[in-house]
Amino acid sequence: MTETATAQGRGKLIVFGEHAVVYGQPAIACSLARGATATIRRSHQPDWRVLTDERPLQVNDQVLLAGARLLEPFGLCADELDIEVRLQIPVGAGLGSSAAMAVALARAAARLQEISPDQIDARIDQAVAASEAVFHGAASGIDQRAAMGSGFFAFQRDDGHLQIDPLTIPTRSWVIARVAPSASTAEMVSGVATLCDRHPEVMPGLIDQFGAITRAGMRTLEQGRWEDVGELMDLNHGLLAAIGVSTPALDEACHRARSAGALGAKITGAGGGGCIVALSGDDGPGPIAAALGSLGPVYSYELPSPTSMP
Ligand code: MEV
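The numbers attached to residues start from 1 for each chain and follow its sequence in the written order. At least 70 in pLDDT is required for a residue's local features to be given in this predicted model, at least 80 for side-chain atom pairs to be given and counted, and no such filter applies to totals for whole chains, interfaces and linings, which use all residues. Think of the side-chain values as coming from all heavy atoms in the structure, minus any hydrogens and water.

Asker: Quick rundown of the packing of aromatic side chains? Include the residues and the values.
Answerer: Pairs were defined over the aromatic rings of Phe, Tyr and Trp, the Trp ring being its six-membered one, requiring ring centres within 6.5 Å. Orientation was assigned from the angle between planes: stacked under 30 degrees, edge-to-face over 60, tilted for the rest. Summed over the entire model, instances satisfying the criterion amount to 2 aromatic pairs. Between the aromatic rings of F152 and W174, the centroid separation amounts to 6.2 Å while the plane-to-plane angle is 50°, which identifies the pairing as tilted. Linking F152 in strand β5 (residues 152-158) with W174 in strand β7 (residues 172-180), this pair joins segments that are 22 residues apart in sequence. In this pair, the class of F152 matches that of W174, namely buried. The numbering of helices and of strands both runs from the N terminus, where a helix is a DSSP run of H or I of at least 4 residues and a strand a run of E of at least 2. When accessible area is computed with a 1.4 Å probe and restricted to protein chains, residues below 20% of their type maximum are described as buried, those above 50% as exposed, and intermediate ones as partly exposed.

Okay, here's the thing in structure tokens:
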């Protein structure tokens, strides 16, 4: 019987289409090289630690519930395990930390239980979706796909039909800045749902516009037409502000990034706090990172990342 298993999941960057993706529109995201590493050991002294670059995280009721839902499809229970998760991305910042953690844990659980190869993918999908529902409410599944994959991809889930297309996009520097405290993804998604209920004559058209931006974004990304990509990111940010998921801090960070030479800047992820993403201009990421550095931690990524993960 396997006693210890270790596995990884990746973080993600959404470049176009967050929130609208919950309503069947396409979105574009990229898996990051960094994410989460989980180690699960069978143990008579159960424990659960979530470690970050800064400090250990409190394993709260939400994490325990998500963990229970995640382990159950593998016939495991946290009471019989020593679990350690190391996160290499900030938590609650729109970079997919919960999905990275869930995928790392599900893969480790599958190895520990020696799940047969023909069942592994379906079992991991089921487990991660159950866990993500705790953090995201009506999750589209885009974070889950990014945590399991690599590179850029287009993602659309429409009427239960799932379409995922890998995208070949030239390498470019992207700057991600964490400028505001975390917000709950489930609350942000539910706020947009309330707006849809309250304004049924307006919201469907607005959501369609997110889709139009994402489709144009896909073409311009694939062709490396960076100025157009940047303008579309700015338009996407404007729509995200219109549906109430921006904040003064996120707007200010986008303005600063553009003034420092970014070709475009927008919220990435659920918003309400967390991160913005800025597309580097000809001067590279340095001036943008310098302009955003006083607001919080800044990460600069060459994307797509190398495909291998330790
Ligand atoms: C969160 O990373 C992205 C959202 O669109 C929610 C989802 O798609 O599950 C806000």
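Asker: Outline a negative patch on the surface, listing residues and values.
Answerer: Taken together, the side chains of E227, E231, D282 and D283 make up a negatively charged region of the molecular surface. Relative to the helices and strands, E227 is located in helix α7 (residues 226-242). Patch members must show over 30% relative accessible area and no salt bridge, and they are joined within 9 Å when carrying like charges or within 5 Å when they are nonpolar side chains of Val, Leu, Ile, Met, Phe, Trp or Tyr. Working definition of accessibility: Shrake-Rupley area with a 1.4 Å probe, residue cover restricted to the visible protein chains. Salt bridges are identified by distance alone: a Lys or Arg side-chain nitrogen within 4 Å of an Asp or Glu carboxyl oxygen. Neither His nor the chain ends contribute to the count of charged residues, in which Lys and Arg are positive and Asp and Glu negative. Positions of charges follow a simple convention, taking NZ of Lys, CZ of Arg, CG of Asp or CD of Glu.

Asker: So what's going on with the site of the ligand? Which residues, and what values?
Answerer: When we say a residue is near a molecule or strand, we mean one of its heavy atoms is within 4 Å of it. Neighbouring residues of the ligand: 13 residues in total, closest K12, H19, A139, S140 and D143. Take D143: an N or O atom from its side chain is 3.0 Å from an oxygen atom of the ligand. Considering the ligand on its own, with 300 Å² of exposed area, one finds that the protein chains cover 98% of that surface. Elements with a minimum of two residues in the shell around the ligand: β1 (4-16) and α4 (142-148). The residue makeup of the shell around the ligand, split by class, is 7 nonpolar, 3 polar and 3 charged. Identification of polar contacts relies on pairs of N or O atoms within 3.5 Å, with a donor-acceptor requirement for protein atoms, meaning one able to donate a hydrogen and the other able to accept it, and with residues adjacent in sequence counted only if both atoms are side-chain atoms. Just so you know the grouping, Ala, Val, Leu, Ile, Met, Phe, Trp, Tyr, Cys and Pro go in nonpolar, Asp, Glu, Lys and Arg go in charged, and all remaining residues, Gly too, go in polar.

Asker: Outline the sheet that holds β7, supporting the account with residue identities and numerical values.
Answerer: Taken together, the 4 strands give an open sheet; going across it, the order is β8-β9-β7-β10, and neighbouring strands pair in antiparallel fashion. Bordering the open sheet on either side are β8 (264-268) and β10 (298-303), each of which pairs with just one other strand. Ignoring which end each strand starts from, the neighbouring axes of this sheet average 25° apart. Two strands form a pair only when DSSP identifies at least two bridges running between them. Pairing analysis gives 6 bridges linking β7 to β10, with the strands arranged antiparallel. For helices, the axis comes from a line fit to the C-alpha atoms of the stretch in contact; other axes are also lines fit to C-alpha atoms, and the angle between any two N-to-C directions lies between 0 and 180 degrees.

Asker: Help me get a handle on the nonpolar core, residues and values and all.
Answerer: Residues belong to one nonpolar core when they are buried, are Ala, Val, Leu, Ile, Met, Phe, Trp, Tyr or Cys, and are joined through side-chain atoms within 4.5 Å. By size, the foremost hydrophobic cluster in this structure holds 91 residues, and its most contacted members are V85 and W174. Ranked by the residues each element gives to this core, the list is headed by helix α2 (residues 97-112), at 12 residues. For this analysis, residues touch if any pair of their heavy atoms sits within 4.5 Å. For V85, the residues in contact, after removing those within four places along its chain, are A36, T37, A38, W48, R49, V50, L51, M101 and L105. If you look at the next biggest cluster of nonpolar residues, it comprises 8 residues, including V21, A27, F153 and F155.

Asker: I'd love a proper account of helix α6 (residues 203-222), names of residues and values included.
Answerer: Given 3.6 residues per turn, any residue in an α-helix points the same way as the ones three and four places further on. In a regular helix each residue adds 1.5 Å, so 20 residues correspond to 28 Å; α6 covers 29 Å between its end C-alpha atoms and thus fits that length. Listing the buried residues of α6 in full gives M203, I207, F210, G211, I213, T214, A216, G217, M218, T220 and L221. Looking one or two places after α6, you find G224, whose phi comes out positive at around 65°. To estimate the expected span of a helix, subtract one from its residue number and multiply by 1.5 Å.

Asker: Give a description of the pairing of strand β4 (residues 81-87) that names residues and reports values.
Answerer: Extensive coverage of β4 is indicated by the burial of 6 of its 7 residues. In the sheet, strand β2 (residues 27-42) pairs with β4 via 7 bridges, with the strands oriented antiparallel. Bridging across to β4, T39 finds its partner in E84. Where strand β3 (residues 47-51) meets β4, 5 bridges bridge the pair, whose relative direction is parallel.

Asker: Outline the pattern of salt bridges, listing residues and values.
Answerer: Across all of its chains, the model carries 11 salt bridges by this definition. R49 serves as the salt-bridge partner of E84, at 3.0 Å between the closest nitrogen and oxygen. Remark: R49 occurs in strand β3 and E84 occurs in strand β4; sequence separation between them is 35 residues. When its relative accessible area of 23% is taken as the criterion, R49 is described as partly exposed.

Asker: Hey, could you go over the environment of L195 for me, with residue numbers and the actual values?
Answerer: Mapped onto the fold, L195 is located in helix α5 (residues 185-198). For the pair L195 and G244, spaced 49 residues apart in sequence, the C-alpha to C-alpha distance is 8.8 Å. Here L195 is in contact with M203, A242 and I243, once residues within four sequence places are set aside.

Asker: Quick rundown of unusual backbone geometry? Include the residues and the values.
Answerer: Look at the link from L303 to P304: it is a cis peptide, with omega at 5°. With respect to the element layout, P304 can be found in the segment after β10. One non-glycine residue, E114, adopts positive backbone phi at about 50°. As for its position among the elements, E114 is in the loop between α2 and α3 (117-136). With a relative accessible area of 53%, E114 lands in the exposed category. Although it is not a glycine, D159 adopts a positive phi angle of roughly 50°. Looking at the secondary structure, you find D159 in the loop between β5 and β6 (161-167).

Keep in mind that these numbers describe shape and distance, not what the molecule does.
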